[in-house]
Amino acid sequence: MHEKLSGIYTQKVTDRKIPLVRSFDDQFTAPHSRYTTVKRKEILRNPDLIICAESDEAGVYLVMSVDGKRIFVFGHPEYDRMTLNEEYKRDIGRGLDPAMPVNYYPDNNPDKFPLLTWRSHANLLYTNWLNFYVYQETPYELDGNDDTEA
């Protein structure tokens, strides 16, 4: 990939039974900003990996190992409303000729305030990740014995 992929892309959940995407809509949006690509067919060749969400335009978005111990996010759910705007204007200021981020500015007008359309799913992704793959998998000793006492 030579041209930068930048914008807000529709993602599709591929398997609703996976706890990582529990309560997600069938489709949701997520920011992408990269010069690289992830090859879907290479992920599918690995029997230890599951594609959880992907986009027709931006490609693979969310992958995890079958055991849930490794989770890979190929977009930027952590971006705030203005991050793509700052990247775009930074690149223009550097004398580059970047493509305008797609599906980001109202009416494709970079003078308009970008719409924030991904925050709820981003928060849900991190909540599910911590709940189902960290919190519920971490053994806790609640019997009152504290090994940290001197």
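Structure's up top.
Analysis parameters
- Residues numbered from 1 in each chain as written.
- Predicted model: local features only at pLDDT ≥ 70, side-chain atom pairs only at ≥ 80, totals over all residues.
- Heavy atoms only, no water.
- Core = buried A, V, L, I, M, F, W, Y, C linked by side-chain atoms within 4.5 Å.
- Buried < 20%, exposed > 50% of the residue type's maximum accessible area, 1.4 Å probe, protein only.
- Helix = DSSP H or I, 4+ residues; strand = E, 2+ residues; numbered from the N terminus.
- Contact = heavy atoms within 4.5 Å.
- Salt bridge = Lys/Arg side-chain N within 4 Å of Asp/Glu carboxyl O.

Turning our eyes to something else, we now look at the nonpolar core. Counting 16 residues, the largest nonpolar core has L20 and L62 as its most contacted members. Contributions of two or more residues to this core are made by strand 2 (27-34), strand 3 (49-55), strand 4 (59-65) and helix 3 (119-133). The residues contacting L20, other than those within four sequence positions of it, are C52, L62, M64, I71, L125, N128, W129 and Y133. With 7 residues, the next largest nonpolar core counts I8, L84, Y88 and W118 among its residues.

Considering all chains together, one arrives at 8 salt bridges under this definition. Of the charged contacts, one joins K4 and E87 as a salt bridge, the two residues approaching to 3.4 Å between their closest N and O atoms. Remark: E87 occurs in helix 2 (residues 83-93) and K4 occurs in the segment before strand 1 (5-13); sequence separation between them is 83 residues. Each member of the pair K4 and E87 is classed as buried. Here D26 and R16 are joined by a salt bridge, their closest N and O atoms 3.3 Å apart. Remark: R16 occurs in the loop between strand 1 and strand 2 and D26 occurs in the loop between strand 1 and strand 2; sequence separation between them is 10 residues. Several salt bridges converge on common partners, so that one network encompasses K4, E87, R90 and D91.

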